[in-house]
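# Architecture and fold: a report
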Amino acid sequence: MNWVTESWRLKLLALGLSVLMLGAVAFSQNPPTFKTLTLSNFLYTIPPTLVVINPPTRTTIRVTGLADTIQSLTPSSFTATFDLTKAGPGPAVKVNLAIKPLVPLVNVQNPSVLFALHIDLLKSVALPVQVRYPRVTEGWTVTKAFASCPNTPCVVNFNGPASWETDSSGQPNLKAFADFNAPVQSGSTTAPNLLVSVEQGGTPIDRSNFLKTVPNSSLDVNAVQVQIDARTSTTSKQVVLIDSPPTQGQPNGYRVTNITIDPITVVISGAAQILSKITILTLPAVDLTGHTANFTVRIAIPYPAGVTGSVLTARVTYSISANPNAKPSPTP
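What counts and what doesn't
- Residues numbered from 1 in each chain as written.
- Predicted model: local features only at pLDDT ≥ 70, side-chain atom pairs only at ≥ 80, totals over all residues.
- Heavy atoms only, no water.
- Disulfide = S-S within 2.5 Å.
- Buried < 20%, exposed > 50% of the residue type's maximum accessible area, 1.4 Å probe, protein only.
- Pairing = 2+ DSSP bridges.
- Helix = DSSP H or I, 4+ residues; strand = E, 2+ residues; numbered from the N terminus.
- Axes fitted to C-alpha atoms, helices over the stretch in contact; angles between N-to-C directions.
- Contact = heavy atoms within 4.5 Å.
- Salt bridge = Lys/Arg side-chain N within 4 Å of Asp/Glu carboxyl O.

## Quick look at the state of the cysteines
Enumeration over the complete set of coordinates arrives at one disulfide. Residue C149 pairs covalently with C154 via a disulfide, S to S 2.1 Å. Disulfide C149-C154: the torsion about the S-S bond is 110 degrees, which places it as right-handed. For the pair formed by C149 and C154, the shared burial category is buried.

This is the structure we're talking about:
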């Protein structure tokens, strides 16, 4: 065994140099390097009583390691987690984002990134759904409007930041609505699947803002069925009576010098959409054949369907006299 022990120091040195040479060759082919990545998929360990408003969406990290490993890294090669188990509500709560590689032999130069988070209490509030109907056709009156989800009256639950749910005085600040935007012009209309909108202090909340909290804010019911019951309103108005040209005129040599109608106006009642189209009532035509003197006739007033009047008949008097510029026809 002398050949093993002889000159052992030289042999050990030779072995060390061989290892170094192998390492140098390996590192020349796969040298250490770095890479900058942007992470955006953050995880949260958060108590069920808290919610984060407008959470951060990205951070940039610098990682180092061997070239072959670094080259293959993507943002999904890391986890980035906020641990809020010991945090409390506040507008700028300082919390560290812990970044860990999922790939071995990778070093994150700054594995803990400090953020100021807006943390609020997570609350649930019940909101009765109010029905709005901005387009009511003239002559129609809404008698009932309600939402079903499926219970009636409909109540939805909003889950989100407590600061969204009350104003600066601590008063309720949210209201839920279902908008029926079609014209109301029939006795009963049902509209399924109307989207529920939420207003904060009279200003609609964009549904995209629901996704800007962790966990996401939400409504337990997003769409409801709405029923609108309406009737035509009855009203009254005064209109003028006018005569029609006679079916046959007075005899030759005579003329009509005046026409009086009694009453000259009547009060009519009916549905508003019908009355809005009536400005006058025209009496039926009269036959003046053979009349050479004043002539009075009672005429039934023709009220349109669905309309009633204060007077049933009108007295129409025709003042007839001889025409001085013409020779009257002989009286039959």
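Now that the structure has been shown, the text picks up again.
## Overview of the sheet that holds strand β19 (residues 265-271)
Overall, mixed pairing links the four strands, which are arranged β20-β17-β19-β22 in an open sheet. Edge strands, defined here as strands with exactly one partner in the open sheet, are β20 (280-282) and β22 (307-309). Within the sheet, the average angular offset between the axes of one strand and its neighbour, ignoring direction, is 40 degrees. As paired strands, strand β17 (residues 234-242) and β20 are joined by three bridges and run parallel to one another.

## Side note on the side chain of T59
Residue position: T59 is located in strand β4 (residues 59-66). The exposure class assigned to T59 is buried, which follows from its relative accessible area of 10%.

## Observations concerning the environment of L73
As for its position among the elements, L73 is in the loop between α3 (67-71) and β5 (78-83). Between the alpha carbons of L73 and T36 there is a distance of 9.9 Å; along the sequence they are 37 residues apart. Each residue touching L73, except ones within four places of it in the same chain, is listed here: K35, L37, V63, F78, V103 and V106.

## What about the pattern of salt bridges?
Inspection of every chain in the model, using the stated rule, returns two salt bridges. A salt bridge links R132 to D179, with the nearest nitrogen and oxygen atoms 2.6 Å apart. Placement of the pair is R132 in strand β8 (residues 112-132) and D179 in strand β11 (residues 174-179), with a sequence separation of 47 residues. Residue R132 is joined to E199 by a salt bridge in which the shortest nitrogen-to-oxygen separation is 3.1 Å. Within this pair, whereas R132 is found in strand β8, its partner E199 is found in strand β12 (residues 188-200), the two being separated by 67 residues in sequence. Note on R132: relative accessible area 28%, which makes it partly exposed. Relative accessible area serves as the criterion here: at 11%, E199 is assigned to the buried category. Several salt bridges share partner residues, and in doing so they unite R132, D179 and E199 into one network.

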